[in-house]
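The residues making up each chain are set out below.
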Amino acid sequence: MLFNSYIFILFFLPLTLILYYGLNYKGHTKLAKIALILMSVWFYAYFHWSYVFVLAASVLINYTFVRGMEKRHDSPASCRFILILGITVNLGIIFYYKYLDFLLGNINRGFGTSFPLLNVLMPLGISFFTFQQISYLVDSYRGETREYDFTDYALFVTFFPQLVAGPIVTHEEMMPQFSNPERKKFSQEEMARGIWLFSVGLFKKVILADTLGAGADWGFGVPESLSCTDTIIVSLLYTFQIYFDFSGYCDMACGIAAMFHLKLPINFNSPYKAVSIADFWKRWHMSLTRFLTKYVYIPLGGNRRGKGRTLVNIFLVFLISGLWHGADWTFVLWGVLHGIAQILYRIFAKIWDRVPRILAWAVTFSFVNLTWIIFRAGSLEDSVLMLQNIFGGKPGGVSDGLLQCFNIIEFTYLEEHIGFLGEIVGKIPTIHVWMFLAVSFGVVLLGRNCYEKKFLPTPVKAWGCIVMLTWAVLSLSGLSRFLYFNF
Amino acid sequence: MKASKWNRLVLGTTVAILLLVAGVTALIDPFLHYHGPLGSLQYPLKDERYQNDGILRNFSYDAIITGTSMCQNFRTSEFDSLWDTSSVKVCYSGASFKEIDENVRRALLYRDDVKYVLRSLDSNRLNYPADKNEYEGYPTYLYDNNVFNDVYYLLNKEVIPKTIAVVNYTEAGHTTPTWDEYGSWSQYKVFGKEEVFRTWSVFEEQEEEYTLRQEDFDRIRENVQKNIIQTALENEDVTFYLFFPPYSICYWDTLVRTKQLDAQLSAEQYAVELLLEVDNIRVFSFSDHVDIISNLDNYTDALHYGEWVNSHILSWMYEGEGELTRDNYKTYFQKIQKFYSEYDFSFVEK
């Protein structure tokens with residue numbers, strides 16, 4: 001189930017809130033947790049029923065490993081064996097669903113073999129709940145966890161706001177909250193904050209990201225026919241689409257958690273304001289960066305084994321990050337480029353930090369923007385084509401196909417009913433695109449992170465929230481255009 | 001402001017606005033999903049894939065004219081005066097056999113007194129996979145009886161202007177189109193050789209004869225059986241009038257130059273063989289009406305003919321002219337093959 005769906009907003013979320021608080025109010029706190037787990041399972045099964053078996057197996061297997069380590073806490077060798085086994089099983093599951101076909105495809109291409117691809121349906125969010133449980137296994141091995149019962153553990157993994165797209169939470173963030181009696185009580189303040197965050201996130205996703213995404217989808221679908229101007233615009237559209245998509249998702253996830261009087265960690269902190277790649281990764285998908293730092297970079301030796309090894313460790317972390325985002329060479333190259341940029345920053349940090357901030361920002365943003373092309377392109381060839389379009393200065397203006405992606409109903413209606421707006425569009429047909437890009441730049445550079453800002457329930461915010469929420473809900477559905485040469 | 005008051009204001013107002021939008025949409029019902037035209041309101045009929053299902057649900061009729069743009073210029077009044085019916089016209093531009101069949105099936109579910117179904121048998125869609133849809137994004141939420149998925153209709157920002165349009169249309173003094181007018185495009189088009197040649201160009205002569213393979217025949221069979229014959233067998237009381245639209249001479253020129261004439265006629269003949277096995281199906285073809293086909297004044301492009309051709313088609317079908325039977329269909333296709341393979345296409349030299 002998607003957050004941005006009618007069933008979630010109008011049915012699932014209200015029902016789950018009523019169930020959860022109703023059971024807690026009656027004193028059935030354990031039942032309330034079980035209800036939340038079951039609702040989370042329904043949330044997950046709504047994508048595809050078969051996903052539930054993978055999720056359930058993953059939770060049961062990992063809980064068994066954890067209990068195994070707890071029972072043998074006086075035998076470090078046994079615990080170490082269980083940890084290695086646990087990590088291997090987790091990586092095995094994720095490898096099977098996400099990477100096996102990629103590997104087989106490459107072997108077939110490289111060696112002329114014809115191993116059949118499995119074409120298995122990859123369970124949504126498998127990277128998230130697998131990494132979350134690996135972190136739990138490691139923390140358990142280190143003796144940093146307490147003995148939590150199965151209900152708490154299952155809720156920790158399946159809690160639906162963070163199940164399919166993060167943030168990757170840790171046990172010390174969530175478990176104490178699950179057992180805190182104060183957090184089981186309904187809070188008007190947290191509900192208000194939750195509604196606000198959810199509305200902002202929904203608006204970012206539905207109104208901004210999806211409209212920008214239509215243009216990006218169009219452009220990335222026809223890279224060979226794009227001009228230099230088209231390609232730059234399309235790359236920016238995707239850069240902002242992924243921003244508003246992920247930022248919107250994080251806002252919604254945190255908002256929903258707040259409605260349940262729970263707090264998820266911040267995952268996204270105005271990343272396009274970054275003035276270096278290191279700064280960018282401190283702001284973008286923060287819980288992934290934290291995971292990779294704590295469970296990969298530091299165990300590899302971090303910066304404790306000399307400068308050369310530090311740089312190798314950084315590179316490995318970004319290589320893994322690239323692969324984590326997807327099983328394709330585009331993701332690998334994207335990770336490698338970010339790794340190289342991070343290494344260069346590490347080497348030249350003192351010089352870089354003296355560069356004027358505006359210049360440092362421009363270079364960082366441009367680098368992020370260009371590497372998103374590789375991330376999003378359908379293939380490495382497509383990404384090369386698009387980069388050639390930009391750097392080769394391929395002639396041509398803005399394509400009609402791109403402009404049509406921005407003929408949204410709001411513009412059409414306003415221009416039909418306010419005469420001078422129609423005249424402006426007649427004179428500047430590209431104005432819709434520029435408006436979206438200008439608003440996007442404005443929001444990402446001037447807006448403050450609404451998660452960190454203290455929320456005050458003011459009337460202005462209330463009406464802003466009403467506008468965003470109704471606008472976004474009414475935009476969850478549209479009408480298709482069946483064009484057939486005017487017949 | 002207190003958080004509790006803030007919550008009540010936000011949730012209360014949001015729910016009220018959404019209920020208002022849903023309520024007004026359901027009341028005026030621009031897609032006619034819940035009821036026919038309301039009171040004195042007049043409805044612009046411009047969204048066939050959104051409105052046709054509602055028309056089939058909420059209007060009275062005992063005959064259906066459906067099909068692609070080849071049928072949009074039919075006049076139900078002409079059909080009714082010939083067949084003594086009260087017909088409705090619900091066409092779907094560019095539709096595949098599957099889409100049309102699904103709509104026919106729903107119509108026959110909504111009404112059990114339908115006597116006739118008239119639909120085009122577009123030759124260029126015969127060799128389609130049986131489950132092929134021409135488009136994506138059909139409003140399937142309008143095509144079922146599930147009230148829960150109506151939310152896609154009731155809370156849809158793009159439906160709001162359609163709702164307002166009904167009011168504006170009424171205030172402007174317009175009236176709901178008649179079935180004769182609905183979907184008809186003939187009066188908006190230019191006809192003649194010059195117009196046809198604007199969008200059609202002579203195909204390059206092909207060397208190799210195109211022949212149908214076994215999988216083509218299998219695909220045609222599945223398409224025809226699943227999307228026409230099955231429905232006819234399940235509705236024995238309904239007579240299905242099917243016709244191959246008379247495309248222009250340019251279409252035939254293309255078939256000859258690309259060496260597809262024999263393959264196309266084989267496909268049509270095979271489909272006809274299958275269709276004639278069913279008693280309540282009547283099949284018509286007008287490919288021998290050279291007076292119509294070779295006169296480009298009847299066409300706006302290589303395929304689409306003017307409304308007067310639709311009138312001819314109705315009267316031909318009523319009189320049984322051009323009807324293919326088990327006795328005549330083979331001779332008919334032989335005649336057509338011979339005629340077009342020997343035809344002098346020099347007219348294409350502008």
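Use the structure listed above.
Quick caveat: nothing in here was measured; it's all calculated off a predicted structure. (Residues numbered from 1 in each chain as written. Chains lettered and ligands numbered in written order. Predicted model: local features only at pLDDT ≥ 70, side-chain atom pairs only at ≥ 80, totals over all residues. Heavy atoms only, no water.)

**Digging into the packing of aromatic side chains**
Residues and elements named next belong to chain A. The line we're drawing: Whether two aromatic rings pair depends on their centres lying within 6.5 Å, for rings of Phe, Tyr and Trp, where Trp uses its six-membered ring; planes under 30 degrees apart make the pair stacked, over 60 edge-to-face, and the rest tilted. Per the convention used, a helix needs a DSSP run of H or I reaching at least four residues, while a strand needs a run of E reaching at least two, with both numbered from the N terminus. Burial classification: accessible surface area is computed with a 1.4 Å probe over protein chains only, and a residue below 20% of its type maximum counts as buried, one above 50% as exposed, and the rest as partly exposed.
All chains considered together, the criterion is met by 95 aromatic pairs over all chains. Ring centres of Phe3 and Tyr249 lie 4.9 Å apart, and the angle between their planes is 10°; this geometry places the pair in the stacked category. Of this pair, Phe3 sits in the segment before α1 (6-25) while Tyr249 sits in helix α10 (residues 228-259); the two residues are 246 residues apart in sequence, bridging distant segments of the chain. Here the two residues Phe3 and Tyr249 agree in accessibility, since each one is buried. For the ring pair Tyr243 and Phe268, a centre distance of 5.1 Å and an interplane angle of 70° mean the geometry is edge-to-face. In this pair, Tyr243 is assigned in helix α10 and Phe268 in the loop between α10 and α11 (277-283), connecting sequence segments 25 residues apart.

**Remarks on the interface of chain A and chain B**
In plain terms, the rule: Residue contacts are defined here by distance: any two heavy atoms, one from each residue, within 4.5 Å place the two residues in contact. Salt bridge, as applied in this entry: a Lys or Arg side-chain nitrogen positioned within 4 Å of an Asp or Glu carboxyl oxygen. Within 3.5 Å is the distance limit for a polar contact, defined as a pair of N or O atoms, with the added protein rule that one can donate a hydrogen and the other accept it, and that residues adjacent in sequence qualify only through two side-chain atoms. Any residue that is not Ala, Val, Leu, Ile, Met, Phe, Trp, Tyr, Cys, Pro, Asp, Glu, Lys or Arg is counted as polar, Gly included; the first ten are nonpolar and the last four charged.
Taken together, the contact pairs 37 residues of chain A with 43 residues of chain B. Taken together, chain A and chain B are joined by one salt bridge. We note a salt bridge from Glu410 of chain A to Lys157 of chain B, for which the minimum N-O separation is 2.6 Å. Here chain A and chain B share 13 residue pairs in polar contact (both at pLDDT 80 or more) between them. Those elements giving two or more residues to the side of chain A that touches chain B turn out to be α1, α9 (188-221), α18 (409-417) and α21 (459-474) of chain A. The element best represented in the side of chain A that touches chain B is α21 of chain A, accounting for 11 residues. The class makeup of the residues in the side of chain A that touches chain B is 25 nonpolar, eight polar and four charged.

**Notes on the pattern of salt bridges**
All names here are of chain B. Across all of its chains, the model carries 38 salt bridges over all chains by this definition. The salt bridge partner of Asp253 is Arg257, with a shortest N-O separation of 2.9 Å. With Asp253 and Arg257 both in helix α9 (residues 249-257) and four residues apart, the pair spans about one turn of that helix. The two residues Asp253 and Arg257 agree in class, both being buried. Through salt bridges with shared partners, a single network forms among Arg213, Glu215, Asp216 and Arg219.

**Details of the pairing of strand β5 (residues 281-285) of chain B**
A regular strand places its side chains on the two faces of the sheet in alternate fashion. All names here are of chain B. We count it as follows: In this scheme, strands are said to pair when DSSP sees at least two bridges between them.
With four of its five residues buried, β5 lies for the most part within the structure. The pairing of strand β4 (residues 239-244) with β5 spans five bridges and is classified as parallel. Bridge pairing in β5 places Leu242 opposite Val283. Two strands pair when backbone bridges link them, and β5 and strand β6 (residues 323-324) are joined in this way by two bridges, in the antiparallel orientation. Directly across from Val283, in β6, lies its bridge partner Leu324.

**Let's talk about helix α8 (residues 214-234) of chain B**
Residues and elements named next belong to chain B. Counted only if it meets this: Expected helix span is computed as 1.5 Å times (number of residues minus one). In this scheme, the bend at a residue equals the angle between the axes fitted to the seven residues that finish there and the seven that begin there.
With 21 residues, α8 extends 28 Å from end C-alpha to end C-alpha; this agrees with the ideal 30 Å at 1.5 Å per step. Of all the bends in α8, the largest measures some 45° and sits at Gln225. Those residues of α8 that fall on the buried side of the exposure criterion are Asp216, Ile220, Asn223, Val224, Asn227, Ile228, Ile229, Thr231 and Ala232. Those residues of α8 that are buried are in contact with α4 (97-110), β3 (116-120), β4, α10 (261-275) and β5.

**Some words on the pairing of strand β1 (residues 63-67) of chain B**
Residues and elements named next belong to chain B. What counts here: A crossover counts as right-handed when, viewed with the strands pointing away from the observer, the path leading from the first strand over the helix to the second turns clockwise.
Of all five residues in β1, five are buried; the element is thus mostly enclosed. Judged by which residues are buried, β1 turns out to be covered on both faces: Ala63, Ile65 and Gly67 on one side and Ile64 and Thr66 on the other are all buried. Inspection of the sheet shows β1 paired to strand β2 (residues 87-91) by five bridges, in the parallel sense. By the bridge assignment, Ala63 is partnered in β2 with Ser87. Read as a crossover between parallel neighbours, the route from β1 over helix α3 (residues 76-83) to β2 is right-handed. Judged from the four bridges that link them, β1 and β3 form a sheet pairing that is parallel. Counterpart to Thr66 in the pairing with β3 is Arg119.

**With respect to the packing of helix α2 (residues 29-45) of chain A against helix α6 (residues 150-158) of chain A**
All names here are of chain A. Rules: Think of each axis as a best-fit line through the C-alpha atoms, taken over the contacting stretch in the case of a helix, with angles from 0 to 180 degrees between the N-to-C directions. Note on convention: near helix rotated counterclockwise from far helix by under a right angle means a left-handed crossing. Clockwise means right-handed.
At a minimum axis separation of 9 Å, α2 and α6 run at an interaxial angle of 35°. Where α2 crosses over α6, the two elements pack in a sense that is left-handed. Residues Lys30, Lys33, Ile34, Leu36, Ile37 and Ser40 of α2 form the contact with α6, whose own contacting residues are Thr151, Asp152, Ala154, Leu155 and Thr158.

**Structural notes on the nonpolar core**
Note the threshold: By convention a nonpolar core is built from buried Ala, Val, Leu, Ile, Met, Phe, Trp, Tyr and Cys residues, the set being connected through side-chain atoms within 4.5 Å.
Ranked by size, the top nonpolar core spans 167 residues in total, and within it Phe3, Phe8, Phe160, Phe198, Tyr272, Trp284 and Trp372 of chain A carry the most contacts. Filtering out sequence-adjacent residues up to four positions away, Phe160 of chain A remains in contact with Phe3, Phe8, Phe12, Leu13, Thr16, Leu36, Ser40, Phe43, Ile256 and Phe260 of chain A. Grouped together as the second largest cluster of nonpolar side chains are 91 residues, Phe240, Leu242, Trp252 and Val278 of chain B included.

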